[in-house]
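Commentary on secondary and tertiary structure
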Amino acid sequence: MSKPLLYRRSSIFSVILRIHKLRETESFVLFPGESSSRLQWTFVQVRHKSGGGGWRPKQKVYHRVHDLDKAIDLNKKPSLILQLKSIIQAQKHGSLLLRDLEKHVGFVHKWNLMAAIEKYPTIFYVGGGHKEPPFVMLTEKAKKIAAEESEATESMEPILVNNLRKLLMMSVDCRVPLEKVEFIQSAMGLPQDFKSTLIPKYTEFFSLKVINGKVNLVLENWDSSLAITAREDRLSREGFSESVGDRKRVRITKDGNFLGRNAFKISFPPGFRPNASYLEEFEKWQKMEFPSPYLNARRFDAADPKARKRVVAVLHELLSLTMEKRVTCAQLDAFHSEYLLPSRLILCLIKHQGIFYITNKGARGTVFFKDAYAGFNLIEKCPLLLFHDRFVALCGRKEVNLSNEMQSSSVFS
């Protein structure tokens, strides 16, 4: 898959999702899949339910999770601040002429960053005037906190190396085209220059090889100790014992959760009330054994129920490898061939809405790993995200006006 194709499919997603927003109660979602010879697209009719009365068929209702929708909205301000910080820090003298901002982000997005500069004087200092052209730089307080980023980046390195190894170990050939790794690098937290810094530093784990005319990131050594999923690790940390689970007759609860080594943590959306027959079938699914995501997908029949449950585990693990436990729909779709994902991936995600959530908030559709969130807050944050929170906190909690921001920012002094 060529890089332009990835971006083209992402653009089509944006158009469809904007159409999706026009009708809140009944809409269509378009999700791209792949077959052996050509791209295929699936139109799925979805009715979003946010409360209120009225009869709607259960199989056509996709319940909104407002907290996760809100998580997308709350990320807009931090992303602007962090983007501008990176642009300023990349300049030779640590300052950026305002007239050059358009060169970096384009004419339209420039105005969003200009508004952020004006809105957050505790982070951005604007100088110049008279004969000197206006420029923007970080304030002294912002520079002080920004200096902590190197420590966070250093702490992230072993995490990123292991996550990248696990990403390759799940693929059918233990390799992934480099362009696809680049496509998901921001979600994983990989540095922009990971090709020239991280990969050459760990030659015992990675190599770059040209295969079928494309540069691939190849796994050099398999490590069985890494072939443990986030789900299995959580069970281990919570002290789950198979012997205890086998001795007791544990039944599934009304919220869909079941204490067992093959079960997934479930969080049904508000308003979703499963009946007894649904829970009975769901209990069978929760108890059903399935192959590890780290076993080669070619060994299993895609029609086998155990193999279909394994696909859920692969998606679960892939999202667990990202910093914020979420990816765009286009990023997830890019790995169809590497993980032998089903062509109608959207149906799998909708069917398991107790594990995943698809939101059309923002410019691109996003898939969440629900268990990683408490409300709209990410439960566990990596060192880099903790640094981002600390830097963005300089703007203060309130956003009514500039004077309120300056007052509230003193809380973080």
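Cut-offs applied
- Residues numbered from 1 in each chain as written.
- Predicted model: local features only at pLDDT ≥ 70, side-chain atom pairs only at ≥ 80, totals over all residues.
- Heavy atoms only, no water.
- Helix = DSSP H or I, 4+ residues; strand = E, 2+ residues; numbered from the N terminus.
- Expected span 1.5 Å × (residues − 1).
- Buried < 20%, exposed > 50% of the residue type's maximum accessible area, 1.4 Å probe, protein only.
- Polar contact = N/O pair within 3.5 Å; in protein donor to acceptor, adjacent residues only side chain to side chain.
- Pairing = 2+ DSSP bridges.
- Axes fitted to C-alpha atoms, helices over the stretch in contact; angles between N-to-C directions.
- Contact = heavy atoms within 4.5 Å.
- Core = buried A, V, L, I, M, F, W, Y, C linked by side-chain atoms within 4.5 Å.
- Parallel < 35°, antiparallel > 145°, perpendicular 65-115°, else oblique.
- Nonpolar A, V, L, I, M, F, W, Y, C, P; charged D, E, K, R; others polar.
- pLDDT = per-residue confidence, 0-100.
- Phe/Tyr/Trp six-rings, centres within 6.5 Å; stacked < 30°, edge-to-face > 60°.
- Lys NZ or Arg CZ within 6 Å of the ring centre and 35° of its normal.

Focus on helix 13 (residues 305-320)
- A rise of 1.5 Å per residue sets the reference length of helix 13, with its 16 residues, at 22 Å; its end C-alpha atoms lie 23 Å apart and thus fit the reference within 8%.
- For helix 13, the buried fraction is high: 13 of the 16 residues fall into the buried class.
- In this structure Asp-304 caps helix 13, since a side-chain oxygen of it lies 3.0 Å from the backbone nitrogen of Lys-306.

Things to note about the pairing of strand 5 (residues 124-129)
- Examined bridge by bridge, strand 5 and strand 6 (residues 132-138) share 5 bridges and lie antiparallel to one another. Within strand 6, the residue paired with Gly-127 across the bridge is Phe-135.

Looking at the sheet that holds strand 7 (residues 175-177)
- One open sheet accounts for 3 strands, arranged 7-9-8; its pairing is antiparallel. The strands lining the two open edges of the sheet, one partner per strand, are strand 7 and strand 8 (206-211). Adjacent strand axes in the sheet meet at a mean angle of 30°, parallel and antiparallel pairs treated alike.
- Pairing analysis gives 3 bridges linking strand 7 to strand 9 (residues 214-219), with the strands arranged antiparallel. Across the sheet, the residue bridging to Pro-177 is Asn-216, located in strand 9.

Some words on the pairing of strand 6
- Of the strand pairs in this sheet, strand 4 (residues 95-97) and strand 6 are connected by 3 bridges, and their pairing is antiparallel. The residue of strand 6 that forms the bridge with Ser-95 is Met-137.
- From the end of strand 5 to the start of strand 6, which pair antiparallel, there are 2 residues, and His-130 there has a positive phi angle of about 60°.

Brief notes about the sheet that holds strand 12 (residues 366-369)
- Strand order in the open sheet formed by 3 strands is 10-12-11, and the pairing between neighbours is antiparallel. Edge positions in the sheet fall to strand 10 (326-328) and strand 11 (356-359), since each has one partner strand and no second. Taking the axes of each pair of neighbouring strands and ignoring which way they run, one obtains an average angle of 20° across the sheet.
- Bridge count for strand 10 against strand 12 is 3 bridges, and the pairing is antiparallel. In the strand pairing of strand 12, Thr-328 is matched with Thr-366.

Things to note about the environment of Trp-222
- Assignment of secondary structure puts Trp-222 in the loop between strand 9 and helix 10 (230-237).
- Separated by 48 residues in sequence, Trp-222 and Cys-174 have C-alpha atoms that sit 8.8 Å apart.
- Apart from the residues within four sequence positions on either side, Trp-222 is in contact with Met-169, Cys-174, Ala-227 and Tyr-294.

Structural notes on the nonpolar core
- Among the nonpolar cores identified, the biggest contains 100 residues, and Ile-123, Phe-124, Leu-164, Phe-206, Leu-315 and Phe-391 are the most heavily contacted of them.
- With 9 residues, helix 7 (residues 149-170) is the largest single contributor of residues to this core.
- Other than its neighbours up to four places away in sequence, Phe-124 contacts Ile-81, Leu-84, Lys-85, Ile-88, Ala-116, Ile-117, Val-136, Met-137, Leu-138 and Thr-139.

Brief notes about the packing of helix 3 (residues 76-89) against helix 5 (residues 107-119)
- Direction vectors running N to C along helix 3 and helix 5 enclose 95°, while the axes themselves pass 10 Å from each other. As the angle between them shows, helix 3 and helix 5 are arranged roughly perpendicular. On the side of helix 3, the interface is formed by Leu-80, Gln-83, Leu-84 and Ile-87, while helix 5 contributes His-109, Asn-112, Leu-113 and Ile-117.
- Classifying every residue of the contact of helix 3 with helix 5 gives 5 nonpolar, 3 polar and no charged.

A look at the confidence of the model for the protein
- Residues with a pLDDT of 70 or more make up 78% of the protein, whose mean pLDDT is 82.
- Scored below 50 in pLDDT, residues 15-59 shows 99 contacts in the model against residues more than four places distant or in partner chains.
- Contacts for the low-pLDDT stretch residues 397-413, under 50 throughout, to residues beyond four places or in other chains number 28 contacts.

Notes on the side chain of Lys-370
- The residue Lys-370 is located in the loop between strand 12 and strand 13 (373-374) in this model.
- Here the side chain of Lys-370 touches Ser-267 through a polar contact of 2.5 Å, landing on its backbone oxygen.
- In terms of polar contacts, Lys-370 uses its side chain to reach the backbone carbonyl oxygen of Gln-353, at 2.9 Å.
- Ignoring anything within four residues of it in the chain, the contact list for Lys-370 reads Val-65, Leu-68, Ser-267, Phe-268, Pro-269, Gln-353, Gly-354, Ile-355, Phe-356 and Tyr-357.

Considerations on the packing of aromatic side chains
- Applying the stated criterion to the full structure yields 14 aromatic pairs.
- Judged by centre distance (6.2 Å) and plane angle (75°), the rings of Phe-205 and Phe-206 are edge-to-face. For the pair Phe-205 and Phe-206, one class covers both residues: buried.
- Seen in terms of ring centroids, Phe-268 and Phe-282 are 5.8 Å apart; in terms of plane orientation they differ by 55°. Their pairing is tilted. Of this pair, Phe-268 sits in the loop between helix 11 (242-247) and helix 12 (276-287) while Phe-282 is found in helix 12, placing the two residues 14 residues apart along the sequence.
- For Phe-268, a relative accessible area of 16% gives the class buried.
- Here Phe-282 falls in the buried class, since its relative accessible area comes to 10%.
- Grouped by ring-pair contacts, the aromatic residues Phe-264, Phe-268, Phe-272, Tyr-278, Phe-282, Trp-285 and Phe-290 constitute a single cluster.
- The aromatic ring of Phe-391 is capped on one face by Lys-85, whose charged end is 5.8 Å from the ring centroid.

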